[in-house]
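Letter by letter, the chains look like this.
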Amino acid sequence: MSALLVPAILARAQKVTVDADPAHVANTFSPVRSLGAAIDRLRTGTPDHLLKELLLHEILGAGWQTVTYRQNTELMVEAWHWNPAGKWSNADKQEGYFTGNAGPTAEMIHSSWAYPLPHRGFSRGDGNGWSRLTDGDPQSYWKSNPYLTKAFTGEDDSLHPQWVMIDLGAKIDLNAIRIAWANPYSKKYSVQFWTGELEPFYEGTTKGTWQTFPLGNITEGKGGTVTLKLVSWMIPVRYIRIWMTESSNTCDSHGSADKRNCVGYAINELYAGALASDGSFNDYVTHFPSREQTVTWPSSVDPWTAATDLDQSRGDQVGFDFFMTSGITRGLPTMVPIAMLYATPEDAANEIAYLYKRHYPISYVEMGEEADGQHMLPEDYGALYVQFATAIHKLVPEAKLGGPPFEGTFGDVEVWPDVNGKVSWIGRFVDYLKAHGRLNDFTFFSFEHYPYQDRPTYSWADLYPEPGYVSHIVQVWKDNGVPSNIPFFMTEGNIGGGAPPSSVKSGLWLADYVGSMMAEGAGGTYYFHYMPSPGGTGSGFGNFLHIDADYKVVGYPPQYLAAQMITKEWVQPIDAPHKQFKASSDVNDAAGNVMVTAYAVERPDGQWSVMLVNRDQFNDHAVKVSFAAGSKHDRAFAGKVDRITFGSNEYQWRKDATGGHADPDGPPSKSTVDGGPDALYQIPKASITVLRGMLAE
């Protein structure tokens, strides 16, 4: 069969050029080690259905290979009991700091659970927890993480200031704050307000400064409940921060038997408002034990819990033994996490020791979960990282550690400037490790990627920037301090919201994302969410495989079929090196948007494989494919070329009374066409096409 031609009106040949110079290899990777998927905490009761028998076979059928086990409890501000068997620091009361047993037993770990932190200071974030700073209960309190104090860091507490922030929701004229200190309280602290118009995080981080109120600098704090007049007039303020630098080191309500109870800072309740000359105080804060309260954010939270805090309704992190033996890992090395933001070094070390004693293949250990999303300063994360790395390497010297992982972002993660004016989170974290002689403990860098996570809908044109997003963010990380000698991984990602199964655009995005991330040199990418949800057609994260309430497959959404194109057609699903080369395309629309993107690999079987993504939802395109190699003549496919296509012709959504279904629902179309330097390859509208064959000599 000869190469297919497009209609005459589109017959002007456009070109895809692969930079096939052997000196220009963009990445060398094994699909088995580098193209994987991510598994997070699952709804209680679902793992036994999802990780067994026929459904597991269908999930694996997408072709993703290695997996990364995600750690969700830290996003919920919970302590994670990875092993239900262990010991409490206060065994008599079944409370304190829990350490899971490192020694395997005949009993396998089937499930692991979360314990919401009773000293939480967050009003927002994942889950449904609330802050104890504005809950109206004088007995409850927020407390900072003891592992960020001199007793554990070996550094003066002023080098790891802890803070709490109040968001009043809008600028309100005020002149005073009331702090009901618990133990330990702060002896030295400053009460500050934010000068920027935007919030102090994300877009607003560098658009304002924290300014201490004229009367807000306290050098001899005595604890108790104090009402502080901050200015002698009224000032419009929305965001207030209490910046704490010296602790009383007095013990909290849990007693003096454990030094962790006696370091850091604790506050029962916060108030802010207007103080009259007669001493009366009008409080503007809403105190309520739910998310209806006034919003607060803390620098850290004490991981202290009690057995009574267990809440199995929040989901199952899936016990390690069940996970590792279910078949979902294919027996390949797995990236595993430790809890670090709300855990103890000993517990994390025991977890990794347990996995190694079970002889499970482990690739990397990810340290904590999204510290940037919880507004932890990089020096605090660094201090925890060093302590946890020390504990882990004491038991498992060969463990490869890294992180952070960052939550999805389009640019550098920026934080409030340090004394040198530096705002790059990753830059300051790397600086901390260097200053402490521990950069060798940082063996990989990880981040997440959700370009449209916070958008309920998006236009087709939002597909076009994806390769640029990827190349930009990778360069940002490199420019801001990620060491050039360590691999980087996108350990969890998807297009985010607004990606229903009613069109193939989420599948096109996936091909563009994987191709561009690997072309930028990634050590691996991990698709999320690998596990389907029973019932409904799903959207966003639940858009991988449609199953009914009985866990039977009822449909294959675009990302499932796109995954098969990537893992089974573009690359060989074998553990052997593939060489990826960058490719360019001159198929543009009138606005200069690239309509056909291209990703080329030289496979172990000697074939060249070019994955072409036609983001034009209305038009086919005809392209020549040329392989350039420096001063040598350009080459082309020779002889017969395999042509595999999945797109809007192979997947069409039909609305019905239940919401809709796809018909056809795959499979990809396959044909053989003739190659040659003048061959035109038709790329159907809204499709992923793989061209695969040998090159002419």
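Residues numbered from 1 in each chain as written. Predicted model: local features only at pLDDT ≥ 70, side-chain atom pairs only at ≥ 80, totals over all residues. Heavy atoms only, no water.

### Things to note about the side chain of Gln-317
In this fold, Gln-317 is placed in the loop between strand S19 (305-306) and helix H5 (320-325). At 2.7 Å, the side chain of Gln-317 and the backbone nitrogen of Asn-72 are in polar contact. (Helix = DSSP H or I, 4+ residues; strand = E, 2+ residues; numbered from the N terminus. Polar contact = N/O pair within 3.5 Å; in protein donor to acceptor, adjacent residues only side chain to side chain.)

### Quick notes on the nonpolar core
The biggest cluster of nonpolar side chains holds 192 residues, and the ones touching the most others in it are Trp-64, Met-367 and Tyr-530. The biggest single contributor to this core is helix H7 (residues 378-395), with nine residues. Those residues in contact with Trp-64 that sit more than four places away from it in its chain are Leu-35, Gly-36, Ala-37, Arg-330, Leu-510, Val-514, Tyr-527, Tyr-530, Phe-544, Ala-563, Ile-566 and Thr-567. With eight residues, the next largest nonpolar core counts Met-335, Phe-489, Tyr-526 and Phe-528 among its residues. (Core = buried A, V, L, I, M, F, W, Y, C linked by side-chain atoms within 4.5 Å. Buried < 20%, exposed > 50% of the residue type's maximum accessible area, 1.4 Å probe, protein only. Contact = heavy atoms within 4.5 Å.)

### With respect to the packing of H7 against helix H8 (residues 425-435)
Any two packed helices are characterised by the angle at which their axes cross and by the distance between the axes. Remark: H7 packs on H8, axes separated minimally by 8 Å, with the N-to-C direction vectors making an angle of 40°. Looking at the two axes, H7 sits oblique to H8. Between H7 and H8 lies a crossing of right-handed hand. Residue-level inspection shows Pro-378, Glu-379, Tyr-381, Gly-382, Ala-383, Tyr-385 and Val-386 of H7 in contact with H8, the latter providing Trp-425, Arg-428, Phe-429, Tyr-432 and Leu-433. (Axes fitted to C-alpha atoms, helices over the stretch in contact; angles between N-to-C directions. Parallel < 35°, antiparallel > 145°, perpendicular 65-115°, else oblique. Left-handed = near helix turned anticlockwise from the far one by under 90°.)

### Examining the sheet that holds strand S12 (residues 186-194)
Adjacent strands of a sheet pair through backbone hydrogen bonds, lying either parallel or antiparallel. Here we have five strands laid out as an open sheet, ordered S13-S12-S15-S10-S18, and antiparallel in their pairing. A strand with exactly one partner marks an edge of an open sheet, and here the two such strands are strand S13 (210-218) and strand S18 (295-298). Direction aside, neighbouring strands of the sheet carry axes that sit 25° apart on average. One ladder, built from five bridges, connects S12 with S13; its direction is antiparallel. Note that in S13 the partner of Tyr-189 across the bridge is Ile-218. (Pairing = 2+ DSSP bridges.)

### Let's talk about the environment of Gln-387
With respect to the helices and strands, Gln-387 occurs in helix H7. The exposure class assigned to Gln-387 is buried, which follows from its relative accessible area of 14%. On a C-alpha basis, the gap between Gln-387 and Glu-346 in space is 9.5 Å, while along the polypeptide they are 41 residues apart. In contact with Gln-387, not counting residues within four places along its chain, are Tyr-147, Phe-152, Thr-153 and Pro-345.

### Digging into the pairing of strand S35 (residues 651-654)
Alternating residues of S35 divide into Tyr-651 and Trp-653, all buried, and Gln-652 and Arg-654, none buried. The pairing of S35 with strand S36 (residues 661-665) spans three bridges and is antiparallel. If you follow Trp-653 over to S36, its bridge partner there is Ala-662. Between the end of S35 and the start of S36, which pair antiparallel, lie six residues, with Gly-659 showing a positive phi angle near 120°.

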